[in-house]
Amino acid sequence: VFRSSGETVSFLGVINTYRPGIQISHRRGWRFLEKLRHNRPSFIWRWLAHKASLLWEDLVRAFAILASEWLSRAISIQYRDFWLTRLHMRAAERYQLRQYEGRMVLFRAKDDYLLTYAASDLGWRAVMKDALVVHEVSGDHASILQEPHVERLIPLIEHELVHDDARRDFGT
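Parameters at a glance
Residues numbered from 1 in each chain as written. Predicted model: local features only at pLDDT ≥ 70, side-chain atom pairs only at ≥ 80, totals over all residues. Heavy atoms only, no water. Salt bridge = Lys/Arg side-chain N within 4 Å of Asp/Glu carboxyl O. Helix = DSSP H or I, 4+ residues; strand = E, 2+ residues; numbered from the N terminus. Buried < 20%, exposed > 50% of the residue type's maximum accessible area, 1.4 Å probe, protein only. Core = buried A, V, L, I, M, F, W, Y, C linked by side-chain atoms within 4.5 Å. Contact = heavy atoms within 4.5 Å. Pairing = 2+ DSSP bridges. Axes fitted to C-alpha atoms, helices over the stretch in contact; angles between N-to-C directions.

Inspection of the entire model under this criterion finds four salt bridges. Between Arg61 and Glu57 there is a salt bridge whose closest N-O contact spans 3.7 Å. Taken together, the residues Arg61 and Glu57, both in helix 1 (residues 25–70) and four residues apart, mark about one turn of the helix. By relative accessible area, Glu57 is classed as partly exposed at 34%. Glu160 is paired through a salt bridge with Arg103; the nearest N and O atoms lie 2.7 Å apart. Taken together, the residues span a long stretch of sequence, with Glu160 in helix 3 (residues 149–170) and Arg103 in the loop between helix 2 (77–94) and strand 2 (104–109) at a distance of 57 residues. Taken together, the shared-partner salt bridges in this structure form one network comprising Glu57, Asp58 and Arg61.

With that settled, the discussion passes to the nonpolar core. Core analysis: the largest hydrophobic core is formed by 10 residues, namely Val14, Tyr18, Met104, Leu106, Ala118, Leu122, Trp124, Val127, Met128 and Leu132. Setting aside residues no more than four positions away along its own chain, Leu106 makes contact with Val14, Asn16, Thr17, Ser120, Asp121, Leu122, Trp124, Leu132, Val133, Val134 and His135. Counting six residues, the second-largest nonpolar core is a separate cluster that includes Val105, Phe107, Ala109 and Ile144.

With that settled, consider unusual backbone geometry. Note that the residue after Glu147, namely Pro148, is joined by a cis bond; omega there is 0°. Examined against the element boundaries, Pro148 turns out to sit in the loop between strand 3 (132–137) and helix 3. Unusually for a residue other than glycine, Ser72 sits at a positive phi of about 55°. Mapped onto the elements of the fold, Ser72 is located in the loop between helix 1 and helix 2. Among the residues examined, Ser72 registers a relative accessible area of 68% and is labelled exposed. Even without being glycine, Leu122 reaches a positive phi, approximately 55°. Looking at the secondary structure, you find Leu122 in the loop between strand 2 and strand 3.

Across the sheet, which stays open at both edges, the three strands sit in the order 1-2-3 with parallel pairing between neighbours. Strand pairing shows two members of the sheet lacking a second neighbour, strand 1 (12–15) and strand 3, which therefore form its edges. Going from strand to strand, the sheet's axes swing by 20° on average, the running direction of each strand aside. The pairing of strand 1 with strand 2 spans four bridges and is parallel. Directly across from Leu12, in strand 2, lies its bridge partner Met104.

Written out as structure tokens, the structure is:
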């Protein structure tokens, strides 16, 4: 756990996470074009109806949150996840990432369709001063921490922790 800026961390492991500042919307665009090529008109209508429904739900949530804030009331539990996600996304957009001067281990889900066109390091190498190790693990973003995929992930994490302890012991 980080306690202050600049604190030394002996092991930094990241599970299937893009570097802040990386946009994945164009990767979703490739997936969209793939579906469009195979399904054509029926897909377009289903997609438009789905997007309109999502937009309407977002507008209702945003209005409910705005009304709660304006009336100085607590955000309703049914809208709290949406509200927190929006706050998180705004904070992530403003975050200024600095170069990391340590070793990092990325555990990447190899079956995630959003990662099909992504760089193998998910953009992290651009901010790494030292080593970046990437392990591909079966599963997608939602299932990498569930059975049976987590059974493959745990030994990799244990291996990296043991080797990190050995490096620290020998000063390497």
